[in-house]
Amino acid sequence: MVEIHRQWFDSWAEFKTRFPTILTEWGSGPIYGRYIFRGQASSGWHLTSAFDRKFAGTNITDRQKRFEQWLAWFRDELSKFQPEYSPNDTVKAIAFAQHNGLPTRLLDWSSSPYIAAYFAYWERFIQRIEVDDPHVAIWAIEEKRFDDTNPKSDVEILRPIDNQNHRMRNQ
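Asker: Explanation requested: the overall build of the chain in the structure shown.
Answerer: For the chain, the helix and strand inventory stands at seven helices and two strands. For the chain, the sequential pattern of α-helices and β-strands runs α-β-α-α-α-α-β-α-α. Per-residue burial over the chain gives 30% buried out of 171 residues. For the chain, long-range pairs separated by at least 24 residues make up 59% of all intrachain contacts whose partners lie at least 6 apart in sequence. A total accessible area of about 11,800 Å² is found for the chain, and carbon and sulfur atoms account for 53% of it.

This is the structure we're talking about:
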């Protein structure tokens, strides 16, 4: 069962004060380690990957072919410049491609609601993504409930190995 809650905040101070309290009311225990968060520039946007947004008008079969072509190209280029990297590991290759700016079918999430908020506002005010909606969105997923109710074949939460990437570790 998926529960969707909408909550509006009028200021950053109100968000910092009320958001942790609201998450605590939804369940017991600390919010860190229980939830993952994603920030987006518009509360009207669905959870859609950059690749699927870019090719929304393309049928699913052609979209999948194009993604596989891009990934094959990326792996080939990666093997030329970083031969020690294992291009046979598909998940690592996709994550690395996304980290380097290639649109992929992954969605970035954070263990911190504040980092998610940063990216929501960054998209809107630094990248200047134009939206008609006056609100940014911070999505929160309770991992245990997600894992218990979602078949692995549909969507999966991947945990990158972040011990060598200080930016990823901080996110």
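Asker: What exactly am I supposed to notice about helix H3 (residues 60-81) here?
Answerer: Given 3.6 residues to a turn, an α-helix orients residues that are three or four positions apart in the same direction. The terminal C-alpha atoms of H3, which comprises 22 residues, lie 32 Å apart, in line with the 32 Å expected from a rise of 1.5 Å per residue. Considered for burial, the residues of H3 that qualify are Arg63, Phe67, Leu71, Phe74 and Leu78. Mapping the buried residues of H3 onto a view down its axis gives an arc of 70°, with all of them on the same face. Facing away from the buried surface of H3 by more than 90 degrees, the exposed residues are Gln69 and Lys80.

Asker: I would appreciate a short explanation of the packing of aromatic side chains in the present structure.
Answerer: Remark: the centre distance and the inter-plane angle together describe each pair of aromatic rings, the angle taken between the planes. With the rule as written, the count across this model stands at eleven aromatic pairs. On the numbers, 4.8 Å between centres and 45° between planes, the contact of phenylalanine 51 with phenylalanine 55 is tilted. With respect to class, phenylalanine 51 is no different from phenylalanine 55; both count as buried. Their ring planes at 70° and their centres at 5.2 Å tell us that phenylalanine 51 and phenylalanine 67 sit as a pair that is edge-to-face. Here phenylalanine 51, found in helix H2 (residues 50-54), pairs with phenylalanine 67, found in helix H3; they are 16 residues apart in sequence, far enough to count as distant.

Asker: It is not clear to me how a nonpolar patch on the surface should be interpreted in this structure. Could you clarify?
Answerer: A contiguous nonpolar surface patch, about 340 Å² in accessible area, is contributed by Tyr121, Phe125 and Ile126. Residue position: isoleucine 126 is located in helix H5 (residues 113-126).

Asker: Explain H5 here, please?
Answerer: Taking 1.5 Å per residue as the helical rise, H5 with its 14 residues ought to reach 20 Å, and the 19 Å between its terminal C-alpha atoms agrees with that figure. Along H5, the residues classified as buried are Pro113, Ile115, Ala116, Ala117, Ala120, Glu123 and Arg124. At the N-terminal boundary of H5, the capping side chain belongs to serine 112, with an oxygen 3.1 Å from the backbone nitrogen of tyrosine 114. Just downstream of H5 lies arginine 128, where phi reads positive at about 60°.

Asker: Got a minute to help me understand the environment of tryptophan 12 in this structure?
Answerer: Position of tryptophan 12 among the secondary structure elements: in helix H1 (residues 12-26). Owing to a relative accessible area of 41%, tryptophan 12 belongs among the partly exposed residues under this scheme. Spatially, the C-alpha atoms of tryptophan 12 and tyrosine 114 are 10.0 Å apart, while their sequence positions differ by 102 residues. With residues near it in sequence (within four places) discarded, tryptophan 12 still touches Tyr114 and Ala117.

Asker: How should the pairing of strand S1 (residues 35-40) be read in this particular structure?
Answerer: Each regular strand displays side chains that alternate between the two surfaces of the sheet. Most of S1 is tucked away: six of the six residues are buried. Of the two faces of S1, both are covered, the one formed by Tyr35, Phe37 and Gly39 as well as the one formed by Ile36, Arg38 and Gln40. Bridge count between S1 and strand S2 (residues 137-142): six bridges; the pairing is antiparallel. Residue pairing across strands places glutamine 40 opposite alanine 137, the latter belonging to S2.

Scoring rules and cut-offs
Residues numbered from 1 in each chain as written. Predicted model: local features only at pLDDT ≥ 70, side-chain atom pairs only at ≥ 80, totals over all residues. Heavy atoms only, no water. Helix = DSSP H or I, 4+ residues; strand = E, 2+ residues; numbered from the N terminus. Buried < 20%, exposed > 50% of the residue type's maximum accessible area, 1.4 Å probe, protein only. Contact = heavy atoms within 4.5 Å. Areas by Shrake-Rupley, 256 points an atom, 1.4 Å probe, with all protein chains shown as cover. Expected span 1.5 Å × (residues − 1). Arc of directions from axis to C-beta. Phe/Tyr/Trp six-rings, centres within 6.5 Å; stacked < 30°, edge-to-face > 60°. Patch = residues over 30% accessible without salt bridge, like charges linked within 9 Å, V, L, I, M, F, W, Y side chains within 5 Å. Salt bridge = Lys/Arg side-chain N within 4 Å of Asp/Glu carboxyl O. Polar contact = N/O pair within 3.5 Å; in protein donor to acceptor, adjacent residues only side chain to side chain. Pairing = 2+ DSSP bridges.

Interpretation in functional terms is not warranted from these geometric data alone.
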